[in-house]
Amino acid sequence: MTQSPLLAAVSLLALSACAGRGEDRPAPPSPPGRFSAAMLLQDPVPEARPVTRVVQPLLPPEQLLPPPSGAAPRERGAPASRVEAANRAAVREPSSPGYVNATQVYAWSEGAIYRLYTAPERVSEIALQPGEALVSVAAGDTVRWVIGDTTSGSGAGRRTHILVKPSAVGLRTNLVISTDRRVYHVQVESTARTAMASISWTYPQDELLALRREGAEMASGTGTPGIAIEALNFGYRIEGDDPPWRPIRAFDDGNQVFIEFPATLGQGEAPPLFVRGGGGRTELVNYRLRGRYYVVDRLFAAAELRLGGRRQHVVRIVRQAGADRRRAS
């Protein structure tokens with residue numbers, strides 16, 4: 001008798017159910033005193049592969065070339081126009097507060113261009129730092145400009161002076177002055193009558209080093225070399241207004257008067273000095289700016305420092321009669 005397909009399928013399902021129930025039954029316990037060996041299950045150890053190390057360039061970011069994708073913004077205008085704009089921004093023009101007598105004193109900085117106005121039949125002077133040795137002077141126009149140099153002083157105070165004179169009105173050129181300490185860039189221009197007598201510089205970095213050295217000397221008690229401490233006279237009175245540049249003290253060594261200003265003198269305007277003579281009249285007197293000191297080449301009874309326009313600041317320096325020579329506290 002032949003079985004139907006339905007009966008065969010039911011028989012197969014019944015056998016599968018019996019086999020499943022047999023697998024669910026727990027295994028018979030092991031005989032007493034016998035143990036089954038344990039097995040530690042671990043993941044398969046991956047096959048070792050070579051490691052590739054990427055070496056990063058040890059260069060500062062500013063030395064790396066920009067990406068070629070053009071991500072950096074493009075500057076507008078022609079390169080020549082950008083050069084002209086940079087030169088205009090670097091020019092330092094003369095200013096009234098920068099004058100000490102007839103000398104325009106600039107603050108030197110790397111890459112700046114300093115203006116010097118000249119006139120025919122007038123000689124303008126460029127004074128370098130005392131002790132600075134001239135290496136060379138290069139001019140853009142050596143035909144219509146007369147350029148020479150000379151020196152003054154001796155020893156550590158020896159100073160180089162560059163003399164400039166134009167041959168006509170309306171000339172323009174530039175000077176590159178190289179020394180053993182720095183390079184100066186000067187833009188010279190000739191006018192009909194206006195000529196600057198002299199230009200010179202202050203040097204903030206050198207003054208900072210001098211201030212640090214002075215502080216170390218004061219802390220060690222060595223003082224200033226070349227000046228007899230016991231001969232100093234501090235019998236001066238400072239009175240009048242109280243501007244930021246008001247002097248700290250004044251003293252003399254019997255030959256010269258030293259006026260000490262705050263350390264911030266170079267950050268603002270330097271006041272001119274007027275010495276009062278007989279009858280209350282002001283007299284011309286030679287004085288120099290040395291760091292934060294005015295050094296007056298003679299003794300005086302009274303002097304004034306004046307600065308300002310309508311609201312002028314006036315500070316008086318008066319020598320006290322019969323003052324004892326003593327060291328400042």
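Our subject is the structure listed above.
Please read these numbers as outputs of a predicted model, since none were measured by experiment.

(A) Spatial organisation of the overall build of the chain. A tally of helices and strands in the chain yields three helices and 20 strands. In the chain, which comprises 329 residues, the proportion classed as buried is 28%. Considering only contacts within the chain whose residues lie at least 6 apart along the sequence, 61% involve residues at least 24 apart. For the chain, the computed accessible surface area is about 22700 Å², with 55% contributed by carbon and sulfur atoms.

(B) Molecular detail of the nonpolar core. In this structure, Ile259, Leu273, Tyr294, Val296, Phe300 and Leu305 are the most contacted members of the largest nonpolar core, which totals 23 residues. Breaking this core down by element, the ones donating at least two residues are β12 (236-240), β14 (257-260), β15 (273-276), β18 (293-296), β19 (302-307) and β20 (313-319). In terms of residue count, the dominant contributor to this core is β19 (three residues). If we ignore the near neighbours within four places in the chain, the residues touching Phe300 are Tyr236, Val257, Val275, Ile317 and Arg319. Judged by nonpolar contacts, the second largest core, of 20 residues, contains Ile162, Val188, Ile199 and Trp201.

(C) Structural context of the sheet that holds strand β5 (residues 124-127). An order of β2-β3-β11-β5-β8-β7 is seen for the six strands of this open sheet, with the pairing classed as mixed. Here the strands that pair on one side only, and so sit at the sheet edges, are β2 (99-100) and β7 (145-152). Two strands pair when backbone bridges link them, and β5 and strand β11 (residues 198-202) are joined in this way by two bridges, in the parallel orientation. Bridge assignment links Ile126 to a residue of β11, and that residue is Ile199.

(D) Representation of unusual backbone geometry in the model. A positive phi angle, near 55°, is found at Asn101, a position not held by glycine. Of note, Asn101 is situated in the loop between β2 and β3 (103-107). Residues other than glycine seldom take positive phi values, yet Glu121 does so here, at roughly 65°. Position of Glu121 relative to the elements: it lies in the loop between β4 (113-118) and β5. Given a relative accessible area of 77%, Glu121 falls into the exposed group.

(E) Structural context of the environment of Ser136. Considering the arrangement of structural elements, one finds Ser136 in strand β6 (residues 134-139). Residue classification places Ser136 among the partly exposed positions, given a relative accessible area of 35%. Considered as a pair, Ser136 and Val183 are 47 residues apart in the sequence and their alpha carbons are 9.8 Å apart. Setting aside residues no more than four positions away along its own chain, Ser136 makes contact with Val176, Ile177 and Ser178.

(F) Highlighting the sheet that holds strand β10 (residues 183-190). Strand order in the open sheet made by the five strands is β1-β4-β10-β9-β6, with mixed pairing throughout. A single partner strand is all that each edge strand has here, and the edge strands are β1 (91-92) and β6. In this structure, strand β9 (residues 172-179) lies alongside β10, joined through seven bridges in antiparallel fashion. Across the sheet, the residue bridging to Arg172 is Glu189, located in β10.

(G) Spatial organisation of the pairing of β19. Within β19, five of the six residues are buried, which leaves the element mostly enclosed by the surrounding structure. One ladder, built from three bridges, connects β15 with β19; its direction is antiparallel. Note on β19: the bridge partner recorded for Leu273 is Leu305. Of the pairings in the sheet, the one linking β19 to β20 comprises six bridges and is antiparallel in character.

Calculation criteria
- Residues numbered from 1 in each chain as written.
- Predicted model: local features only at pLDDT ≥ 70, side-chain atom pairs only at ≥ 80, totals over all residues.
- Heavy atoms only, no water.
- Helix = DSSP H or I, 4+ residues; strand = E, 2+ residues; numbered from the N terminus.
- Buried < 20%, exposed > 50% of the residue type's maximum accessible area, 1.4 Å probe, protein only.
- Contact = heavy atoms within 4.5 Å.
- Areas by Shrake-Rupley, 256 points an atom, 1.4 Å probe, with all protein chains shown as cover.
- Core = buried A, V, L, I, M, F, W, Y, C linked by side-chain atoms within 4.5 Å.
- Pairing = 2+ DSSP bridges.

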